[in-house]
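# Examining the three-dimensional arrangement
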Number of protein chains: 6
Amino acid sequence: MRPSKRQPGEMRPVSFERGVSKHAEGSCLVKFGDTHVLCTASLEERVPPWMRNSGKGWVTAEYGMLPRATGDRMRREASAGKQGGRTLEIQRLIGRSLRAVVDMQALGEVQITVDCDVIQADGGTRTASITGGFVALHDCLKWMEARQMVSVDKVLKDHVAAISCGIHGGACVLDLDYVEDSAAEADANFVMTGKGGIVEIQGTAEGDPFSEEQFTELLALAKKGIARLVDLQKMAVG
Amino acid sequence: MRPSKRQPGEMRPVSFERGVSKHAEGSCLVKFGDTHVLCTASLEERVPPWMRNSGKGWVTAEYGMLPRATGDRMRREASAGKQGGRTLEIQRLIGRSLRAVVDMQALGEVQITVDCDVIQADGGTRTASITGGFVALHDCLKWMEARQMVSVDKVLKDHVAAISCGIHGGACVLDLDYVEDSAAEADANFVMTGKGGIVEIQGTAEGDPFSEEQFTELLALAKKGIARLVDLQKMAVG
Amino acid sequence: MRPSKRQPGEMRPVSFERGVSKHAEGSCLVKFGDTHVLCTASLEERVPPWMRNSGKGWVTAEYGMLPRATGDRMRREASAGKQGGRTLEIQRLIGRSLRAVVDMQALGEVQITVDCDVIQADGGTRTASITGGFVALHDCLKWMEARQMVSVDKVLKDHVAAISCGIHGGACVLDLDYVEDSAAEADANFVMTGKGGIVEIQGTAEGDPFSEEQFTELLALAKKGIARLVDLQKMAVG
Amino acid sequence: MRPSKRQPGEMRPVSFERGVSKHAEGSCLVKFGDTHVLCTASLEERVPPWMRNSGKGWVTAEYGMLPRATGDRMRREASAGKQGGRTLEIQRLIGRSLRAVVDMQALGEVQITVDCDVIQADGGTRTASITGGFVALHDCLKWMEARQMVSVDKVLKDHVAAISCGIHGGACVLDLDYVEDSAAEADANFVMTGKGGIVEIQGTAEGDPFSEEQFTELLALAKKGIARLVDLQKMAVG
Amino acid sequence: MRPSKRQPGEMRPVSFERGVSKHAEGSCLVKFGDTHVLCTASLEERVPPWMRNSGKGWVTAEYGMLPRATGDRMRREASAGKQGGRTLEIQRLIGRSLRAVVDMQALGEVQITVDCDVIQADGGTRTASITGGFVALHDCLKWMEARQMVSVDKVLKDHVAAISCGIHGGACVLDLDYVEDSAAEADANFVMTGKGGIVEIQGTAEGDPFSEEQFTELLALAKKGIARLVDLQKMAVG
Amino acid sequence: MRPSKRQPGEMRPVSFERGVSKHAEGSCLVKFGDTHVLCTASLEERVPPWMRNSGKGWVTAEYGMLPRATGDRMRREASAGKQGGRTLEIQRLIGRSLRAVVDMQALGEVQITVDCDVIQADGGTRTASITGGFVALHDCLKWMEARQMVSVDKVLKDHVAAISCGIHGGACVLDLDYVEDSAAEADANFVMTGKGGIVEIQGTAEGDPFSEEQFTELLALAKKGIARLVDLQKMAVG
């Protein structure tokens, strides 16, 4: 039995609240249960130096956590003077995941920065960030389309969403919350497209190594979960 | 006429949403119109080195802005590697303001950190932070009171709230939003207690210097505004 | 009775020693009693990026303290790897204060940096910096005038000077030294022009809040003090 | 055909040179073709703060690249003032991988730091680091065993090694060198134990997403490769 | 002929002004012509970690330059976020030089920090810092002697002073000013004791290498100069 | 008797292994006994800002130590967030030494960066870096000559090499290893050209000051040692 009483393949309630920012071209407050991430997509005319005059655009992401998003207050990274390894790792993952479904030629020479700031954390912040970040990115492109800057259908090649799975108490389960995550024998994050293509897989044994069979079971759970997340994204932006 | 059509002495709608954080001992989402600040109060057993074994506690504050809280995206301070001068100035102000109404002896040797993170900015983020931070601090003390750690009435000597005033188009006005603030000839921030004592005054001429008469008028506006804010705080926590 | 035996409205002896730097275009060693600040004004052809091609100039300030300017040796900020919040706050204040009396159009597209380095501290270093920084700035403009670059009378719209006041032992007093400052119930810094216009007001209650009446008394002291400082500036540069 | 003329499942020549450091308790120069990594294992009596008095030890890793290990000279991280996100990500991976086969209770309250410094890079530096880092760790434990500090067989639960796979020119291939890696459609790093348990999987689509079938093929290649690496480790340390 | 019209073996006028700091236990404003350095010696009870409980003391030095000590304004190191290589090199040299004449056992377990801040630079700031730093250190020890903490004669084993020499226009000259230093073919700094022992030699060819004969001539000049400086120190502190 | 049983004027075995890097234009693994330094010379088209459009080139150096190059593991400078004073001092010395024998006009407007990374340290790492760095620089120029970019004979005006000497147990000895260096009464580093010109001298008394006679003896030892090193360089690159 999971601590949350959920079934092994049951996700937490997921919701997308669009247009939550007065300023950002696209924005979305995504909730996976008690994990709440505010995603904003900001359009900038300036691309990174290595892209200049290429005619192509760029999508990048940054990730942060409010100091008391967690059970114990964490030190503010701005005050510590640098972003930690975990933060850098996660924002690189979000950026790669979103770029996987963007046609940079169709975007044109602009940059979109997707900021994912965790307001409240309860496990799965990186997967919520990718899933909600896609919605913010979509709405930024809609904003651009309304100004004849791009065609959303040409820029976005597919949906992209992410979910965590893990082995907890010997069983493979979907969408770990913090309590499960802390006690999991293994956890894995999957990023997949709407058509079921794999964009990123990250699996880690926390204690003993896991087997190929277990990994296959985690992947099967993830496929089901991501299909559900893509449906929810479509309802949200449809 | 003010850009927002408000009367000179009219504040924006102000609201306090308490208990917005699952983890923090006290929390409050404060809104002054389109300025939204998430305030959390975190109880920690560890006081600063210079307070140890003094039997007294400490209240401190930190301030941050999400990168796209503003019209143009700002660089994330964690990525820039340091907090800017404006950030440090504001968080020092918030801390001093809150400490002005706390009896550190009655608090006992613990530290409360009030984090004020601007989710959306439209002028007056520091005054909203102080006003909402007080509510988060109050609720943190309530949490402690429920555990027989303190008596709220002994720790809190008074209410504290803050408001900005300014000279805009030659007229003295209350609670400037971003559009007014950008065009103001002078702006001033006032921090006052429920009993009307002055905790902090910061007034700055943006263009030509202002006169003592103008300053007196700003102070009168502020007193009225802060009295109203304290009433709202009392309704919120009452 | 004040610890220094001064009358409530009595300032410490103030002096300006001009031309103390072989290299700087303008320089001034200002003394407010035992508080000694070396101010240099440096002319640079390069303006900040946002001013380029505007035809306007810029005046900025930096502030520092020698490690043993104070009673206990403080850590050198260059060694600590960053300027502290207090330093940033003060240098922003000095810059704003000096800019308040400069016509940037008449200055033309150059930058003047006023460095205020505290050689010895005994309270009131920021107000001494502003008051002495004005003299260094004036002399830098004189240097430019001698080279037909500007007309001092067109660039400088007025004098500017600053003084601290405070409530000590229940009484309002002018120009606090370190001993008074450490024990003051409130302290306030005022920046005003030669014509009596207010440029900046910063008042802080250290213990209990203060009243509007007390604040009015502090302002009256400050006006008298600043009028005296402007007279001294005029004698120094006349 | 692979650029290197290797068969799809063919690794580059792999070698381990032990005892290359006069000072380190364990050391190994590992070569995967032209990728050369110097691994040292350093025994320290001091464990991280959160482990103190737990009776348990800790194994951690750091990773670096000499500036001209690569085709173009890269900026030295010590001079840039921080370790990049890629570096932090890799050293966290190495540390987790090595800890997966260590019994911390049997190690006792000491820390072993495994430094992996890339002398020359040609793709696969992180997998070479893990594979060679294991040998350095093993030899450090041997050094401790010779001093009656531990029993190697009790501390090391298994071997651990790592290899990269990828999709290049539409085909799944093992152990990518730099030329392949730069042009790969997907690449994946696998960390596995001698008994075939999975410790870590990281797969990333560089262009289009990949399918579950492709991923399964990559995993099969990796299993074969890691079995071979573990044999080579055994020959090296046997 | 030297640009300054001085004879090859002629130093600039040298003066020591003692007791220039209200706060420091020892202080000295040293002038070598237009090079002015403010030296303060601060007594601290806390020694570096590696000296604790050794019964021995420590003497260390820090060095800084005011931004406009030089012909062109230099960036403030506190603002740049780090001390440059030249600064670190110089302060290490000052510390080593002063420690060469101190008996750490006789000093007892305290630390004296000598801060050398260049108020105005015209060549030879490091040699002036050592020569003036000695006077500040001496006066700090006198302060301690007056409080029965040490015996100056037991702590100070000798005098120490420093001077620069160089090859300019083919000739060996003593005590280079900035104009000479910029055009010198070689420059060398010598640190010597009152008894003529060599503490430190640093010689650098700026253009072509120099010969042993030239170096011997520089050393002879330095010996004469340092003997003169030690006489001046004795007159100053005698 | 020296701890190493060497004669006072006897160097450790010295060797140069050229071409050790697949990527660098020039490279050399230099060994002075157990001190091993990997030197690479990297050609870059970009010169420092102050050299642009001068038609002249630049040679610079960087220095680093692997964390476990030493007896006790040292903190990685990239992780500490800055290069220490010793590192900066050494890399400045290496750069100056190599530039002393380069004709920047003949080099043309390119930059060569010589990286010296200490793989294993046993005293004398800076002198080994200079001596081996020359070989890497030479080979980089050979690489350029083969591409008709320069003439090696016109760019290199001479050889340059370096050696340490010191006073150990009262005797002057050549080429100190770590054990001797730690116990030396004085140590001195000499950088000289093939023709015997002096490029740099750095001598430091560790305990009591040394005499001019002792220094002359150290210089004589150094001249002999450097002549031998230059012979070895010629054999290596001849």
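Chain A is annotated in an unreviewed UniProt entry as Ribonuclease PH of Aquibium oceanicum. Under the heading Subunit (unreviewed entry), UniProt records this for chain A: "Homohexameric ring arranged as a trimer of dimers." A UniProt comment under Catalytic activity (unreviewed entry) is attached to chain A, and it reads "tRNA(n+1) + phosphate = tRNA(n) + a ribonucleoside 5'-diphosphate".

### Some words on the overall build of chain A
Of the regular secondary structure elements, chain A holds 7 helices and 9 strands. Here the C-alpha radius of gyration of chain A, 18 Å, is about what a compact globule of 238 residues would show, namely 18 Å. Overall size of chain A, expressed as C-alpha extent along the three principal axes, is 50 × 40 × 30 Å. When each of the 238 residues of chain A is scored for burial, the buried share is 62%. In chain A, the proportion of contacts linking residues at least 24 apart, taken out of those at least 6 apart, comes to 70%. As displayed, chain A has an accessible area near 9100 Å², and 49% of this comes from carbon and sulfur atoms. Each charge class in chain A can be summarised by its mean position, and for the 29 positive and 32 negative side chains these summaries are 5 Å apart.

### Points about the relation of the copies chain B and chain A
Overlaying chain B on chain A yields an RMSD of 0.0 Å, the required transformation being a rotation through 180° with an accompanying axial translation of 0.0 Å. What the rotation and shift describe, once combined, is the action of a two-fold rotation axis. Proximity to the rotation axis, assessed at the C-alpha, singles out A78(B) in chain B; its C-alpha lies 1.8 Å from the axis.

### Some details on the interface of chain B and chain A
Reports often express the size of an interface as the amount of accessible area lost when the parts come together. Taken residue by residue, the interface counts 38 residues in chain B and 38 residues in chain A. Approximately 2700 Å² of surface area, both sides summed, lies buried where chain B meets chain A, with 46% of it carried by carbon and sulfur atoms. Remark: the boundary between chain B and chain A carries 14 salt bridges. In this structure, K22(B) engages D34(A) in a salt bridge whose closest nitrogen and oxygen atoms are separated by 2.9 Å. At the junction of chain B and chain A, the tally comes to 24 residue pairs in polar contact (both at pLDDT 80 or more). Every element with two or more residues in the side of chain B that touches chain A is listed here: β3 (35-44), β4 (58-65), α1 (77-80) and β5 (111-120) of chain B. Per-class residue counts for the side of chain B that touches chain A are 13 nonpolar, 12 polar and 13 charged.

### Notes on the side chain of T127(C)
Along the chain, the position of T127(C) falls in helix α4 (residues 125-146). Take T127(C): its relative accessible area is 1%, and that puts it in the buried class.

### Describing the relation of the copies chain B and chain C
For the pair chain B and chain C, the superposition axis carries a translation of 0.0 Å, the fit reaches an RMSD of 0.0 Å, and the rotation angle comes to 180°. By residue overlap, the copies meet face to face through one surface: 100% of the interface positions of chain B are interface positions in chain C.

### Description of unusual backbone geometry
Excluding glycine, residues mostly have negative phi values, and the peptide bonds linking residues are mostly trans. A positive phi angle, close to 60°, is found at D175(B), a residue other than glycine. Locating D175(B) in the fold gives a position in the loop between β7 (171-174) and α6 (178-183). On the accessibility criterion, D175(B) (0% relative accessible area) is buried. Phi is positive for K5(C), which is not a glycine, with a value near 70°. As for its placement among the helices and strands, K5(C) is situated in the segment before β1 (14-18).

### Re the pairing of strand β9 (residues 198-205) of chain D
Within β9(D), 8 of the 8 residues are buried, which leaves the element mostly enclosed by the surrounding structure. Alignment of strand β9 (residues 198-205) of chain A against β9(D), held across 5 bridges, turns out to be antiparallel. Bridge assignment links Q202(A) to a residue of β9(D), and that residue is Q202(D). As defined by bridge partners, strand β8 (residues 186-193) of chain D adjoins β9(D) across 7 bridges and the pair is classed as antiparallel. Pairing of V191(D) across the sheet is with E200(D), part of β9(D). What sits between β8(D) and β9(D) in their antiparallel hairpin is a turn of 4 residues, with G196(D) showing a positive phi close to 90°.

### So, the arrangement of the chains
Taking C-alpha atoms as the reference, chain C and chain D come no closer than 11 Å and do not contact one another. No interface is formed between chain B and chain F, the nearest pair of C-alpha atoms being 11 Å apart.

### A short note on the side chain of D158(C)
All names here are of chain C. You can see D158 is positioned in the loop between α5 (152-155) and β6 (160-168). What makes D158 buried here is its relative accessible area of 15%. A polar contact is formed between the side chain of D158 and the backbone nitrogen of G194, at a distance of 3.2 Å. In terms of polar contacts, D158 uses its side chain to reach the backbone amide nitrogen of K195, at 3.2 Å. Leaving out residues up to four positions away in the same chain, D158 has contacts with V101, F134, T193, G194 and K195.

### Considerations on the pattern of salt bridges
Residue and element names in this part refer to chain C. Taken as a whole, this structure holds 120 salt bridges over all chains when the rule is applied. The salt bridge involving R6 is made with E180; its shortest N-O contact spans 3.8 Å. Pair noted here: R6 is in the segment before β1 and E180 is in helix α6 (residues 178-183), with a separation of 174 residues, a long-range link. Here the two residues R6 and E180 agree in accessibility, since each one is buried.

### Points about the state of the cysteines
Two cysteines form a disulfide when their sulfur atoms are joined by a covalent bond. All names here are of chain B. By the definition in use, this model includes 0 disulfides over all chains. Free cysteine: C28, not disulfide-bonded; nearest cysteine sulfur from C39 at 5.5 Å. Cysteine C39 shares no disulfide, and the gap to the nearest cysteine sulfur, in C116, comes to 4.1 Å.

### A closer look at the packing of aromatic side chains
Here the distance between the centres and the angle between the planes together describe a pair of aromatic rings. Under the defined criterion, the tally for this structure stands at 21 aromatic pairs over all chains. Taking 5.8 Å as the distance between ring centres and 80° as the angle between the ring planes, the aromatic pair formed by W50(D) and W58(D) counts as edge-to-face. Overall, the relative accessible area of 62% leaves W50(D) in the exposed class. A ring pair is formed by F210(F) and F215(F), whose centres lie 6.2 Å apart and whose planes are at 20°; its orientation type is stacked. Accessibility expressed as a relative area gives 2% for F215(F), which makes it buried. Ring pairing ties together the aromatic residues F190(A), F210(A), F215(A), F190(D), F210(D) and F215(D), which thus form one cluster. R147(A) extends its terminal NZ or CZ atom over the ring of W143(A), reaching a point 3.7 Å from the ring centre.

What counts and how
Residues numbered from 1 in each chain as written. Chains lettered and ligands numbered in written order. Predicted model: local features only at pLDDT ≥ 70, side-chain atom pairs only at ≥ 80, totals over all residues. Heavy atoms only, no water. UniProt positions renumbered as here; feature names shortened; annotations may be inferred. Helix = DSSP H or I, 4+ residues; strand = E, 2+ residues; numbered from the N terminus. Rg over C-alpha atoms; globule rule 2.2 N^0.38 Å. Buried < 20%, exposed > 50% of the residue type's maximum accessible area, 1.4 Å probe, protein only. Contact = heavy atoms within 4.5 Å. Areas by Shrake-Rupley, 256 points an atom, 1.4 Å probe, with all protein chains shown as cover. Lys, Arg positive; Asp, Glu negative; His and termini not counted. Charge placed at Lys NZ, Arg CZ, Asp CG, Glu CD. Least-squares fit on C-alpha atoms with pLDDT ≥ 70 in both. Buried area = accessible area lost by both parts, 1.4 Å probe. Salt bridge = Lys/Arg side-chain N within 4 Å of Asp/Glu carboxyl O. Polar contact = N/O pair within 3.5 Å; in protein donor to acceptor, adjacent residues only side chain to side chain. Nonpolar A, V, L, I, M, F, W, Y, C, P; charged D, E, K, R; others polar. Pairing = 2+ DSSP bridges. Disulfide = S-S within 2.5 Å. Phe/Tyr/Trp six-rings, centres within 6.5 Å; stacked < 30°, edge-to-face > 60°. Lys NZ or Arg CZ within 6 Å of the ring centre and 35° of its normal.

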